[in-house]
Structures are given as structure tokens and as C-alpha cells.
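Structural overview
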Amino acid sequence: MNKIKNIKSIAKITAVLRKRGKKIVFTNGCFDILHYGHLKYLKKCKNLGDVLIVGLNSDSSVKKLKGAGRPLTKQAERAAVLSALEFVDYVVIFGESTPARLIESVAPDILAKGGDWRPESIVGGKYVKTRGGR
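Residues numbered from 1 in each chain as written. Predicted model: local features only at pLDDT ≥ 70, side-chain atom pairs only at ≥ 80, totals over all residues. Heavy atoms only, no water.

Describing the pattern of salt bridges
Note the following rule: What counts as a salt bridge is simple: a side-chain nitrogen of Lys or Arg found within 4 Å of a carboxyl oxygen of Asp or Glu. Strands here are runs of E lasting at least two residues and helices are runs of H or I lasting at least four, both read from the DSSP assignment and numbered beginning at the N terminus. Type-normalised accessible area, obtained with a 1.4 Å probe on protein chains alone, sets the label of each residue: buried when under 20%, exposed when over 50%, and partly exposed for intermediate values.
Across all of its chains, the model carries four salt bridges by this definition. Aspartate 89 is paired through a salt bridge with lysine 46; the nearest N and O atoms lie 2.5 Å apart. Note that aspartate 89 is positioned in the loop between helix 4 (75-84) and strand 4 (90-94) and lysine 46 in helix 2 (residues 36-47), a separation of 43 residues in sequence. Lysine 46 sits in the buried class, given a relative accessible area of 18%. As a salt-bridge pair, glutamate 96 and arginine 101 come within 2.8 Å of each other at their nearest N and O atoms.

See below:
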């Protein structure tokens, strides 16, 4: 199964999953230098629900966020590595500066970010809460 999806197909997939009563978890990041901390974090995210969707910053958005010389690994390779993880169900590459539009398309039950993020600063957090999520 190809786990790498675009925004249109993930919206259809999540609508079906929601009808089946599945709890959808969403997280996002650059994952340019994938390390053990990322693996632990993604596994924790998966344990929060039934389906884990990872929003992956495109090469151009990583460059804007991290500066010249980044990303070190191209988006297709980063997506392939993430999709190879058994606890990642889907990967969606987004090119915008934030994942707001993707979050609204996915409409997750749970929006997960690392512990270094303040809840009020998480993009999409208010949207998820208004839908009854956390």
C-alpha cells in the first residue's frame, strides 16, 4: 500500500476512517534529519489513536524554515523513510509555510506536537478544538 498521499486523497481517506469510528492523529514536521527522538515521538503519536497522519514540509518550506542548505534530504526520500515506519499510516507533503490547510482537510481528533511547543502556539490547535478534538 502506498502511504504517501496528496491533500485531496487524504481528505477522502479520513472521511471514510471517521465514518468507521477511527481516531485520527495528526502531526507534522520537516523530518530532515530523522533521528531516534523522532522515532520515539512518532510512536507516541500513533499510540494516541488508530491512524497516524504525518504532514511533511516540502523542500521549499524546509528551506524557508531552516535556511539555505536545507533540506539535507529531498522530500521524496523523507516521505519514503517516514512511510516505511510501521507506526506511520499516511504521509502528506505540504508546501505552505504552515500545515493549517492540511489540518483542516484531515480534521484530526488529535493534533500532536513535541513537548517544546506551547499549546496556544500550535497551528491548527483552535480548529481541532472547535471540532471537539484535542
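Some points on the pairing of strand 4
This is how the line gets drawn: At least two bridges found by DSSP between two strands are what make those strands a pair.
For strand 4, the tally of buried residues reaches four of five residues, placing the bulk of the element in the interior. Note that strand 1 (residues 4-5) and strand 4 share two bridges and pair parallel. Pairing of isoleucine 4 across the sheet is with valine 91, part of strand 4.

Remarks on helix 1 (residues 7-19)
Where we set the bar: By this rule the span expected of a helix is its residue count minus one, scaled by 1.5 Å. Note: the arc covers the axis-to-C-beta directions of the helix. The contact criterion used is simple: two residues touch if any of their non-hydrogen atoms lie within 4.5 Å.
In this model helix 1 runs 19 Å from its N-terminal to its C-terminal C-alpha over 13 residues, within 8% of the 18 Å that 1.5 Å per residue would give. For helix 1, the complete set of buried residues consists of Ile10, Ile13, Thr14 and Leu17. Taken around the axis of helix 1, the buried residues stretch over an arc of 100°, which confines them to a single face. Residues of helix 1 that are exposed and point more than 90 degrees away from the buried face comprise Lys8, Lys12 and Lys19. Looking at the buried positions of helix 1, the neighbouring elements they touch are strand 1, strand 2 (24-29), strand 3 (51-57), strand 4 and helix 5 (100-106).

Some details on the sheet that holds strand 4
We count it as follows: Throughout, an axis means a line fitted to C-alpha atoms (over the contacting stretch in the case of helices), and angles, computed between N-to-C directions, take values from 0 to 180 degrees.
Strand order in the open sheet formed by five strands is 1-4-3-2-5, with parallel pairing between adjacent strands. In this open sheet, the two edge strands, each paired with only one partner strand, are strand 1 and strand 5 (110-111). Across the sheet, helix 1 is in contact with strand 1, strand 2, strand 3 and strand 4; its angle to strand 4 comes to roughly 145°.

A few points about the side chain of threonine 14
Put simply, the rule reads: By the criterion applied in these results, polar contacts are pairs of N or O atoms within 3.5 Å in which, for protein atoms, one can donate a hydrogen and the other can accept it, and in which residues neighboring in sequence qualify only through two side-chain atoms.
Note that threonine 14 resides in helix 1. Judged by relative accessible area, which is 0%, threonine 14 ranks as buried. Here the side chain of threonine 14 touches alanine 11 through a polar contact of 3.1 Å, landing on its backbone oxygen. For threonine 14, the residues in contact, after removing those within four places along its chain, are Ile24, Ile53, Ser105 and Val106.

What about the confidence of the model for the chain?
How we decide: Per-residue confidence from the predictor is reported as pLDDT, which spans 0 to 100.
Residues of the chain with pLDDT of at least 70 account for 87%, and the chain-wide mean is 89. The least confident element of the chain is helix 6 (residues 125-130), whose mean pLDDT is 62; the most confident is strand 1, at 98.

Here we look at the pairing of strand 3
To keep it simple, the criterion reads: When the strands point away from the viewer and the path from the first strand over the helix to the second turns clockwise, the crossover is right-handed.
With seven of seven residues buried, strand 3 lies mostly within the body of the structure. Residues of strand 3 alternate between two faces, with Val51, Ile53, Gly55 and Asn57 on one and Leu52, Val54 and Leu56 on the opposite face, all of them buried. Of the strand pairs in this sheet, strand 2 and strand 3 are connected by six bridges, and their pairing is parallel. Within strand 3, the position partnered with isoleucine 24 by the bridge is valine 51. In this view, the connection linking strand 2 to its parallel neighbour strand 3 by way of helix 2 has right-handed handedness. Across five bridges, the pairing between strand 3 and strand 4 is parallel. Residue asparagine 57 lies in a different strand from strand 4, and its bridge partner there is phenylalanine 94.

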